[in-house]
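# Coordinate analysis (summary)
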Amino acid sequence: MTSPQAIAEQLGFDPDSLRAKYRAERDKRLRADGNEQYQEVTGDFSHYVDDPYVEPGYSRAPLADEVDCIVVGGGFGGLLTGARLTEAGVKRVRIIEKGGDFGGTWYWNRYPGAACDVESYVYLPLCEELNFVPKEKYTHAPEILAHSRAIGEKFNLYEHACFQTEVEGMEWDEDNKLWTVYTNRGDKMRAQYVCMANGPLNRPKLPGIPGISEYQGHTFHTSRWDYGYTGGGPEGNLSGLRGKRVGIIGTGATAIQCVPHLAQGADELFVFQRTPSSVDVRANRPTDPEWAASLKPGWQQARMDNFMTLVSGGFADEDLVNDGWTEIIRNLGSMVNFKGMGRLSPAEIAEKMELADFQKMEQIRARAEADVADKDTAESLKPYYRQFCKRPCFNDEYLPSFNLPGVHLIDTDGVGVERFTQAGLVANGQEFELDCVIFATGFEVGTDYTRRSGYDLIGRNGQSLKDKWADGIATLHGMQTSGFPNCFIISQAQSGFTVSFPHAMNEQAKHIAYIIQQVAQSNAKVVEVTEEAEQEWVQEIIKMSRLSESFQAECTPGYYNNEGKPNPKSVQNGSYGAGPVKFFKVIEGWREEGTLAGLELR
Ligand code: NDP
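Residues numbered from 1 in each chain as written. Predicted model: local features only at pLDDT ≥ 70, side-chain atom pairs only at ≥ 80, totals over all residues. Heavy atoms only, no water.

### Quick look at the pairing of strand S2 (residues 66-72)
Burial runs high along S2: six of the seven residues are buried. As defined by bridge partners, S2 adjoins strand S6 (residues 188-196) across six bridges and the pair is classed as parallel. Paired with Val72 across the strands is Met196, a residue of S6. Both S2 and strand S3 (residues 93-96) contribute to a ladder of four bridges, which runs parallel. Paired with Cys69 across the two strands is Val93, which belongs to S3. Traced from S2 through helix H3 (residues 76-87) to S3, the parallel crossover comes out right-handed. (Buried < 20%, exposed > 50% of the residue type's maximum accessible area, 1.4 Å probe, protein only. Helix = DSSP H or I, 4+ residues; strand = E, 2+ residues; numbered from the N terminus. Pairing = 2+ DSSP bridges. Right-handed = clockwise from strand over helix to strand, strands pointing away.)

### Overview of the sheet that holds strand S13 (residues 407-411)
Pairing in this open sheet of five strands is parallel, and the strands run S8-S17-S9-S10-S13 from one edge to the other. What marks the edges here is a single partner per strand, and that holds for strand S8 (218-221) and S13. When the angles between neighbouring strand axes are averaged without regard to direction, this sheet yields 20°. Looking at chain direction, strand S10 (residues 268-273) and S13 are connected through five bridges and run parallel. Across the sheet, the residue bridging to Phe272 is Ile410, located in S13. (Axes fitted to C-alpha atoms, helices over the stretch in contact; angles between N-to-C directions.)

### Side note on the site of the ligand
Looking at the ligand, there are 25 residues lining it, with Asp117, Thr254, Thr275, Lys390 and Tyr559 nearest. The contact in question runs from a nitrogen atom of the ligand to an N or O atom on the backbone of Val417, over 3.0 Å. The backbone of Ala440 places a nitrogen or oxygen atom 3.5 Å from an oxygen atom of the ligand. Within the complex, the protein chains bury 91% of what would otherwise be the 920 Å² of accessible surface of the ligand. (Near = heavy atom within 4 Å. Polar contact = N/O pair within 3.5 Å; in protein donor to acceptor, adjacent residues only side chain to side chain. Areas by Shrake-Rupley, 256 points an atom, 1.4 Å probe, with all protein chains shown as cover.)

### Details of helix H12 (residues 346-371)
With 26 residues, H12 extends 37 Å from end C-alpha to end C-alpha; this agrees with the ideal 38 Å at 1.5 Å per step. Buried residues of H12: Glu354, Leu355, Ala356, Asp357, Phe358, Lys360, Met361, Ile364, Arg365, Arg367 and Ala368, and no others. (Expected span 1.5 Å × (residues − 1).)

### Here we look at the packing of helix H2 (residues 15-29) against H12
Here H2 crosses H12 at 75°, and the two axes come no closer than 11 Å. For the element pair H2 / H12, the angle class is roughly perpendicular. Residues Pro15, Leu18, Arg19 and Tyr22 of H2 touch H12, and the partners they reach there are Glu354, Leu355, Phe358, Met361, Glu362 and Arg365. Considered class by class, the residues forming the contact of H2 with H12 number six nonpolar, no polar and four charged. (Parallel < 35°, antiparallel > 145°, perpendicular 65-115°, else oblique. Contact = heavy atoms within 4.5 Å. Nonpolar A, V, L, I, M, F, W, Y, C, P; charged D, E, K, R; others polar.)

### Regarding the side chain of Asn202
Relative to the elements of secondary structure, Asn202 occurs in the loop between S6 and strand S7 (205-207). Judged by relative accessible area, which is 18%, Asn202 ranks as buried. At a separation of 3.5 Å, a polar atom in the side chain of Asn202 contacts the main-chain carbonyl oxygen of Asn198. Within polar-contact distance, the side chain of Asn202 engages the backbone oxygen of Arg452 at 3.3 Å. If we skip the residues at most four places from it in the chain, Asn202 touches Lys98, Phe443 and Arg452.

Spelled out as structure tokens, the structure:
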């Protein structure tokens, strides 16, 4: 038997003490209120979601026309659905979008430094269809927004689109076999199909701390960046912050990207941290034109599949992306011979995975120590949890920002900011006077679907979706729900979750287009999931969730584990627990079977 000390020496870390430290850090952060701790951006707070990118005063006459399909949301989910439906021969596809253009999350998130952490060649959808290769390995937000518009142009999705329009409700008309869609512009449009692509991170949230309304300084949320106040643009140069004391609440993926620019622009920057992010190497670089020219047809799908396989714990002969996302799997490979994995029990594989994870996170913690001069600050920036408990971040400027004389990390040891005062913020019992407070506090994830979408659906027999899903989501493959004919959903709930969201959305869009095409070919007007098929899928989701149950329970709270409060409803509302590779096989197999199993055509 090898002693724990010998194991620690061999590995360079002590797994038992790391396990204990992770638990202690998680326990500090567990709180009874979970998702309830956050402030919804409604009522007095609704100005936090005003659109800063459009001229005020837009108006148009209400529409009362009919199209083939109405898609709610003009982000990648809506664009991919539009593209795949157009390819499948659906003529009139109308995308309804709250913002002034396509782009979704990339329309709203224009904060300085905004960029995609997933490799651009994998992340940006439909690159081959548009004959496009991004400029950098990790593309910046303006290029992603431009690409969204290019997809809209290519698939002619601007023709019927309605921007600056919010859906307020939808109702199924059983007599005419059509949906009626109501909007805040007085529209009463009709469509044979509706598809909800509202996005997983579309509703900003604020920290639910007392006194927000009393604060006299300036505030805004990162997803509505106020360049009028800060000056500069997405590339930085925030000249408006000269002479200012700025606070930012939150240290998630968004803050990691904008803090370096705030650090350069503001006289003093106070970064209020509750939980540190894992900040790994980014090493961005321009695209090699020779490599781009050498790409063969099918290159993007192959790269996407390769990346997805590796980041979901699978094996591939080659690591095409070869970055911080896939490194954990390379670490695992160095601990076990992949080909020999079959000889290990699931418990042994889980143990090796945990060791590879410890090793990865030790590297991340060592990076904080190497890049940050002040020892206490470096210590506070070290994350103690497994890498995929929270969204991993990749940035080369964030950690060194704390070496600038005007930049202060206010670590709250898991507690968070306590309250606002008229002059600023209180944390750790101390008041910090601030000219401006920026909320980098993220988006609603664990709240009810219809609250996040901002509208309800009335299906067959007058049933509302809010009521139907009150105790948990019920779908077939995450995309259809019984009682709501001709209605499709693009989301991660009960569907495949990937770190590169557009990949999953593309698979869902193809699946939806296939079903609509089949309905058209059969001359039916209506397609609906049977209750039996739906119930079977719900049970499958609950069963599969057990695969990640203990992992989630050990994680520090965050939106990946329902803020540390997994419960039967959050489990049922989760994604397919056996991972995206398996999920895509399930829906592909279902299509290949060709019987539309579980669906009823009328
Ligand atoms: P997150 O939800 O990830 O982060 C919110 C932050 O606010 C956390 O650090 C949280 O701390 C903190 N917070 C909340 N309440 C308080 C409080 N009272 N006091 C102090 N801190 C508080 O939001 P982001 O906007 O950073 O990111 C959202 C998601 O957007 C990411 O997870 C990612 O999926 C996506 N994204 C993707 C990018 C990409 O490259 N593709 C880039 C940027 C974002 P705690 O951790 O303790 O809860």
